[in-house]
Amino acid sequence: MNGIDAKFAELKKKGEKALIVYFTAGLPSPEKTVDIVKKAEKAGADIVELGIPFSDPIADGPVIQEASFRALELGINTDKVFGICAVLKNSVAIPYLLMTYYNPVYRYGLLKFAKKCAGTGVAGIIIPDLPWEESEEARESLKKYGIALIDFLTPFTPVKRAEKILKDAGGFVYLVTYAGVTGRQAAMPDKTLKALKKFRKMTDVPVSAGFGISTPEQVKKIRSSVDGVIVGSFLVKKIIDGKIEELWETIKNLKKELE
Amino acid sequence: MGKKLPDKQGKYGEFGGIFAPETLMPPLDELEKKYGVISRQKSFKKEFSYLLSEYAGRPTSLYLAENLSRAAGCRVYLKREDLAFTGAHKINNTLGQVLLAARMGKKRIIAETGAGQHGVAAATASALFKMKCCVYMGEVDCERQKLNVYRMKLLGSEVIPVKSGSKTLKDAINEAMRDWIANFEDTHYVIGSVVGPHPYPEIVRDFQSVIGRETKRQVLQKEKRLPDYLIACVGGGSNSIGLFYPFYKDSKVRFIGVEAGGEGVNTDKHSATLIKGKKGVLHGTFSYVLQDKYGQIMPTHSVSAGLDYPGVGPEHSFYKETGRAEYVSADDRDALQSFHLLSEIEGIIPALESAHAVGWLIKNKKRFKKTDVVIVCLSGRGDKDVAEVASIENAL
Ligand SMILES: Cc1ncc(COP(=O)(O)O)c(C=O)c1O
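Residues numbered from 1 in each chain as written. Chains lettered and ligands numbered in written order. Predicted model: local features only at pLDDT ≥ 70, side-chain atom pairs only at ≥ 80, totals over all residues. Heavy atoms only, no water.

Caption draft 1: Quick peek at the overall build of chain A. Looking only at helices and strands, one finds 12 helices and 8 strands in chain A. Since a compact globule built from 259 residues should have a radius of gyration of about 18 Å, the 17 Å found for chain A is in line with a globular shape. Along the longest, intermediate and shortest principal axes, the C-alpha atoms of chain A span 40 × 40 × 35 Å. Here chain A holds 259 residues, and the buried ones make up 63% of them. Within chain A, contacts between residues separated by at least 24 positions form 74% of all contacts whose residues are at least 6 apart in sequence. Total accessible area computed for chain A in this model is approximately 10200 Å², and 52% of it derives from carbon and sulfur atoms. Charge-centre separation for chain A: the mean point of 39 positive side chains lies 3 Å from the mean point of 32 negative side chains. (Helix = DSSP H or I, 4+ residues; strand = E, 2+ residues; numbered from the N terminus. Rg over C-alpha atoms; globule rule 2.2 N^0.38 Å. Buried < 20%, exposed > 50% of the residue type's maximum accessible area, 1.4 Å probe, protein only. Contact = heavy atoms within 4.5 Å. Areas by Shrake-Rupley, 256 points an atom, 1.4 Å probe, with all protein chains shown as cover. Lys, Arg positive; Asp, Glu negative; His and termini not counted. Charge placed at Lys NZ, Arg CZ, Asp CG, Glu CD.)

This is the structure:
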């Protein structure tokens, strides 16, 4: 069983929802990233996403853009991120995923990338600019190595389209809470909650909501509509600002709302 | 060669397609469907062609440049897009797209710009249609194209300097896409070249094809035969595709696309995507891309802001792969030299972008026979570049 599936099954049994946290890999350093993931696990994170920085992150807002540019300036590349993952394999129990754009994955070689994921314990990959229509080759390559390709839905995705996507979905489904890039404070409007309800009825794959989630109040509001929440920019901002020590309390408080 | 380009998936062979965030899939689908319907409407065609002729001054002339012909040793015609309203071919596309957006019920226009020509053309069309317009422009480009920044503001547009990444065209496209992801319900993104996710490369090509259709009619009238060569500069690739596409099936007509060689294609300071790039995805389309071995997009350089781009339209990648077109480069120096040459011998100050096409021709004149009919797309006029060229030359 893929580590993501096992995690969601375990949480379901306990009546909990997943807290999924995002960090840009290699920021402020590869060693620190390992340390951050370990401590995030201790603080209550259920799943970790590590971003491989990309030069042109069109789905990201200013915070993750800046984190990506900084990481690239520090010389972080795909191989170094796999290096981080190789260390995590023996030091954390929670599943971790990679998030990046399609070009770095394509350029690395789809099969080679998938194989590297398997070898370094990566459970899944999230590629925000790879829509379902173009995903077959990547999906097949990843499947060979038991790696999940995480699909996206948004409140604007028509039901017919969602049906196609959900037929192939694995790991979890990433529901984008609003129309926009990462890092804006999200109001969780009815449209989002309705979409969550609708899509969850259509699939057995867990649905996690992300984009613009940062506060326990937001989490409280959507808890019953999701299987998990994803928190990214808010945490990355703390790393950029050198306030890493604030992360653990933040994670603890968010997880509290999901227990 | 009979197959329709692009196919139903928006592919040109293996190139093109849609590589966009899920949020953009419904608006891209809407755009494809509505474009299919609206662009075929008689009233749309009528209004578009009225605007092109009465407002934008088309057809632009196909001018037999006799002095340049002597210098190049062949019969050189210039397709005078510099005479189109606002000073470049970009107006063909923006009038088409803003008209389309108005008919789709959109209220707001966004655009990216490099040289500022597309931004000015988008601002112009938006003013005409009373649409709010917001143009993203890299900070570096704002500096080297100050005149165009002021023009856009005069036309009532907001110009947003982009400070991220390389602060040039590619980053301006990133920002425009981010805006569109958040505002697609009332906003149309007028992309400025044959790049981006499907259906953009097709829409922009269709609107720019007026260049090639006119050229064909004009050259047949003047020479009683098809030309031997079509030469155009390639940034994203819209003036070149616009010229080439209507000749696609005329297999004896040879296409030459001139990329920006910057300080030389064997340095790391150029924008020669088709010559030096590798296949990949940038800005929603699968095409050639200048990138490093990890798939990070590389910084580019060209003296002309409009060619300073690490991607290229997928249809060009297809033309390259199938051998339909040949892609070459002219470097900064070639462009600057022909900027002067054309000014001095023809009295035409060309845009630095277009000067690459002329520069390549002059440098490679040995390839051409005296009787060869060669058409060069003079994609824009050079007023916007005069201050920049002067400052480069003062610094030498
Ligand atoms: C005058 C002129 N020519 C050419 C270009 C390059 O674009 P494209 O390759 O899409 O024609 C530009 C872009 O700004 C331009 O302003």
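Caption draft 2: Geometry of the site of the ligand. Residues and elements named next belong to chain B. In the neighbourhood of the ligand, 19 residues make up the surrounding shell, with S193, G235, G237, S238 and S379 lying closest. Here an oxygen atom of the ligand sits 3.2 Å away from a polar atom, N or O, in the side chain of K90. In this structure, an oxygen atom belonging to the ligand sits 2.6 Å away from a side-chain N or O atom of S193. The fraction of the free accessible surface of the ligand (390 Å²) that becomes covered by protein chains is 97%. Given that more than half its atoms are within 2 Å of the pocket grid, the ligand belongs to the largest cavity. (Near = heavy atom within 4 Å. Polar contact = N/O pair within 3.5 Å; in protein donor to acceptor, adjacent residues only side chain to side chain. 1 Å grid on protein atoms, 1.4 Å probe; cavity = no way out; pocket = protein on both sides within 12 Å on 5 of 7 lines; lining within 4 Å. Sits in = over half its atoms within 2 Å of the grid points.)

Caption draft 3: How the structure looks around a nonpolar patch on the surface. Residues and elements named next belong to chain B. Together, Y150, L154 and L155 give the surface a local cluster of nonpolar side chains, amounting to about 330 Å² of exposed area. Along the chain, L154 turns up in helix α7 (residues 146-154). For L154, a relative accessible area of 62% translates into the label exposed. (Patch = residues over 30% accessible without salt bridge, like charges linked within 9 Å, V, L, I, M, F, W, Y side chains within 5 Å. Salt bridge = Lys/Arg side-chain N within 4 Å of Asp/Glu carboxyl O.)

Caption draft 4: Up close: empty space enclosed by the protein. All names here are of chain B. Tallied over the full model, the rule gives 5 cavities of 30 Å³ or more. For the largest cavity, the calculated volume is near 310 Å³. If you trace the largest cavity, you find 30 residues lining it, with H89, K90, G192, G236 and G306 closest to the centre. (Points joined across faces, edges and corners; volume = space filled by probe spheres on them.)

Caption draft 5: Up close: the interface of chain B and chain A. Facing the 36 residues of chain B at the interface are 39 residues of chain A. Taken over both partners, the interface formed by chain B and chain A buries close to 3000 Å², and the fraction arising from carbon and sulfur atoms is 56%. The largest share of the area that chain B buries against chain A comes from E22, R178 and Y294 of chain B, three residues that together contribute 25% of it. The interface formed by chain B and chain A contains 3 salt bridges. A salt bridge links D56 of chain A to K170 of chain B; the shortest N-O distance between them is 2.7 Å. Our count for the chain B to chain A interface comes out at 18 residue pairs in polar contact (both at pLDDT 80 or more). Those elements that provide at least two residues to the side of chain B that touches chain A are α1 (25-38), α8 (169-183) and β11 (278-282) of chain B. In terms of residue count, the dominant contributor to the side of chain B that touches chain A is α8 of chain B (8 residues). (Buried area = accessible area lost by both parts, 1.4 Å probe.)

Caption draft 6: Region of the structure containing the state of the cysteines. Counting across every chain of the model gives 0 disulfides over all chains. Of all cysteine sulfurs, the one in C117 of chain A lies closest to C85 of chain A, which takes part in no disulfide; the gap is 7.4 Å. Take C134 of chain B: it sits in no disulfide, and the sulfur closest to it among the cysteines is that of C133 of chain B, at 7.1 Å. (Disulfide = S-S within 2.5 Å.)

Caption draft 7: Broad picture of the nonpolar core. The biggest cluster of nonpolar side chains holds 193 residues, and the ones touching the most others in it are F23, L50, L98 and F172 of chain A. Looking at which element gives the most residues to this core, the answer is α8 of chain B, with 7 residues. Once residues lying within four places of it in the same chain are set aside, the contact partners of F172 of chain A are I4, F8, I20, E49, L97, I126, I150, D151, V205, P206, S208 and I230 of chain A. Membership of the second largest hydrophobic core comes to 22 residues, among which are A72, C74, I256 and V376 of chain B. (Core = buried A, V, L, I, M, F, W, Y, C linked by side-chain atoms within 4.5 Å.)

Caption draft 8: Up close: the pattern of salt bridges. All names here are of chain B. Under the definition given, this model contains 43 salt bridges over all chains. Ionic pairing is found between E30 and K106, a salt bridge with its closest N-O pair at 3.4 Å. Of the two residues, E30 is situated in helix α1 and K106 in the loop between α4 (90-103) and β5 (108-113); the sequence distance between them amounts to 76 residues. Given a relative accessible area of 24%, E30 falls into the partly exposed group. Using a relative accessible area of 8% as the deciding quantity, one classes K106 as buried. Between R144 and D141 there is a salt bridge, with the nearest N and O atoms lying 2.9 Å from each other. Residue R144 and its partner D141 are both found in helix α6 (residues 139-144); the two are separated by 3 residues, about one turn of the helix.

Caption draft 9: Molecular detail of the pairing of strand β4 (residues 122-126) of chain A. All names here are of chain A. With respect to burial, β4 is a largely interior element, 5 of its 5 residues being buried. Of the strand pairs in this sheet, strand β3 (residues 96-99) and β4 are connected by 4 bridges, and their pairing is parallel. The residue bridging M99 from the neighbouring strand is I126, located in β4. Alignment of β4 against strand β5 (residues 148-153), held across 3 bridges, turns out to be parallel. Residue pairing in the sheet places G124 in a bridge with A148 of β5. What joins β4 to β5 is helix α7 (residues 136-144), and the crossover it makes is right-handed. (Pairing = 2+ DSSP bridges. Right-handed = clockwise from strand over helix to strand, strands pointing away.)

Coordinates in, geometry out; function isn't part of it.
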